[in-house]
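# Fold and contact review
Chain by chain, the residues:
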Amino acid sequence: MKLFLDSADLDEVREAAGWGVLSGVTTNPSLLAKAGARDFQSVIREICTLVPGGPISAEVVSEDTAGMLREARELAALHPQVVIKIPMTPAGMAAVRALKDEGIRTNVTLVFSTAQGLLAAAAGASFVSPFVGRLDDTGADGMAVVREIVSIYRLYGYPTEVIAASIRHPRHVVEAALAGAHIATIPFKVLRQLFEHPLTRQGIERFLADWRALQAPRGVEV
């Protein structure tokens, strides 16, 4: 399973890219606003340079197909890595089909049901993003939707990749991998948490203490 960063903060992207684990980045209007991105096109271009070769999702905000297509073509022209995020609506799926015919990759977002995942694949989406955490918030089983979409895509040979989105904690990442998701897109805080375990820290501290003891002159306590 590939790991994407769900962020529009250039400092976060830069640091996470340096860890050597990122395969792509997803953004949305809320993340861009949170990062204070006034010139969002420049932010998208910069993210593409920080994560070379990886898909970088940028979202349209129009609600009609014509508007989505206009925005999508402008965004796709920014960089070859840009993938267009399209909302799960009838107008959105019409845009996905048209963009596929033009060779522009899409990521269908705001997916909350298996049926919606099926529609996205049928329209020709490159990626589909079921929102696990938001489903869990309603009392539903978000990861069950991921598992069902993955199973249907495998059964019928759909090439659409499943991005487990709205990830809230490290266990979500593990469950997404077990569910067969192709990708998990992860907030910076959660991505950092994946590195952490108290036994790892204890082990490092013990090794360093033993090393210092080896380096100390004989008869001198450390």
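Reading guide: rules and limits
Residues numbered from 1 in each chain as written. Predicted model: local features only at pLDDT ≥ 70, side-chain atom pairs only at ≥ 80, totals over all residues. Heavy atoms only, no water. Buried < 20%, exposed > 50% of the residue type's maximum accessible area, 1.4 Å probe, protein only. Helix = DSSP H or I, 4+ residues; strand = E, 2+ residues; numbered from the N terminus. Pairing = 2+ DSSP bridges. Right-handed = clockwise from strand over helix to strand, strands pointing away. Arc of directions from axis to C-beta. Contact = heavy atoms within 4.5 Å. Salt bridge = Lys/Arg side-chain N within 4 Å of Asp/Glu carboxyl O. Axes fitted to C-alpha atoms, helices over the stretch in contact; angles between N-to-C directions. Phe/Tyr/Trp six-rings, centres within 6.5 Å; stacked < 30°, edge-to-face > 60°. Parallel < 35°, antiparallel > 145°, perpendicular 65-115°, else oblique. Left-handed = near helix turned anticlockwise from the far one by under 90°. Nonpolar A, V, L, I, M, F, W, Y, C, P; charged D, E, K, R; others polar. Core = buried A, V, L, I, M, F, W, Y, C linked by side-chain atoms within 4.5 Å.

### A look at the pairing of strand E8 (residues 183–186)
- Side-chain alternation along E8 places Ile 183 and Thr 185 on one buried face and Ala 184 and Ile 186 on a second face that is also buried.
- Relative to E8, strand E1 (residues 2–6) runs parallel, the two being bridged by four bridges. If you follow Phe 4 over to E8, its bridge partner there is Thr 185.
- Since strand E7 (residues 161–164) and E8 lie parallel, the crossover through helix H9 (residues 170–179) that links them has a hand, and here it is right-handed.

### Describing helix H3 (residues 40–50)
- Val 43, Ile 44, Ile 47, Cys 48 and Leu 50 are the residues of H3 that are buried. What you see down the axis of H3 is that its buried residues fit within an arc of 160 degrees, all on one side.
- Those residues of H3 hidden inside the fold are in contact with helix H1 (10–18), strand E2 (22–26), helix H2 (29–34), strand E3 (56–59) and strand E4 (82–87).

### Notes on the pattern of salt bridges
- Considering all chains together, one arrives at 10 salt bridges under this definition.
- Put simply, Glu 102 and Arg 73 hold a salt bridge, and the shortest N to O gap is 2.6 Å. Of the two residues, Glu 102 is situated in the loop between helix H5 (90–101) and strand E5 (106–111) and Arg 73 in helix H4 (residues 65–76); the sequence distance between them amounts to 29 residues.
- The exposure class of Glu 102 is partly exposed, given its relative accessible area of 39%.
- A salt bridge links Arg 206 to Asp 210; its shortest N-O distance comes to 3.3 Å.

### Observations regarding the sheet that holds E4
- Taken in spatial order, the eight strands of this closed barrel run E1-E2-E3-E4-E5-E6-E7-E8, and their pairing is parallel. Taken pair by pair, the neighbouring strands of this sheet meet at an average axis angle of 25 degrees, ignoring direction.
- Across two bridges, the pairing between E2 and E3 is parallel. In the strand pairing of E3, Val 25 is matched with Ile 56.
- The sheet contacts of helix H6 (residues 114–123) involve E5 and strand E6 (127–130), and relative to E5 the element is tilted by about 165 degrees.

### With respect to the packing of aromatic side chains
- A full pass over the atoms with the stated rule returns four aromatic pairs.
- Measuring from ring centre to ring centre gives 5.5 Å for Trp 19 and Phe 188, while their planes differ by 25 degrees; the resulting arrangement is stacked. Of the two residues, Trp 19 sits in the loop between H1 and E2 while Phe 188 sits in helix H10 (residues 188–193), which places them 169 residues apart along the sequence.
- Here Trp 19 falls in the partly exposed class, since its relative accessible area comes to 26%.
- Among the aromatic residues, ring-to-ring pairing joins Trp 19, Phe 188 and Phe 195 into one connected group.

### A few points about the packing of H4 against H5
- Put simply, H4 and H5 touch, their axes get as near as 8 Å, and they point 45 degrees apart. As judged from the angle between their axes, H4 and H5 are oblique. The hand of the H4/H5 crossing is right-handed. Along the contact surface, H4 presents Thr 65, Met 68, Leu 69 and Ala 72, while H5 presents Ala 91, Gly 92, Ala 94, Ala 95, Ala 98 and Leu 99.
- In terms of residue class, the contact of H4 with H5 is built from eight nonpolar, two polar and no charged.

### Describing the side chain of His 172
- As for its placement among the helices and strands, His 172 is situated in helix H9.
- Not counting residues within four places of it along the chain, the set of residues in contact with His 172 comprises Val 132, Gly 133, Asp 136, Met 143, Ser 166 and Ile 167.

### Some points on the nonpolar core
- Leu 5, Val 82, Ile 84, Val 108, Val 146 and Ile 186 are the most contacted members of the largest nonpolar core, which has 61 residues in total.
- In terms of residue count, helix H8 (residues 142–156) provides more of this core than any other element does, six residues in total.
- Each residue touching Ile 84, except ones within four places of it in the same chain, is listed here: Ala 58, Val 60, Ala 72, Leu 75, Ala 76, Ile 104, Arg 105, Thr 106 and Asn 107.
- Phe 4, Phe 127, Ile 163 and Ile 183 belong to the second-largest nonpolar core, a separate cluster that totals five residues.

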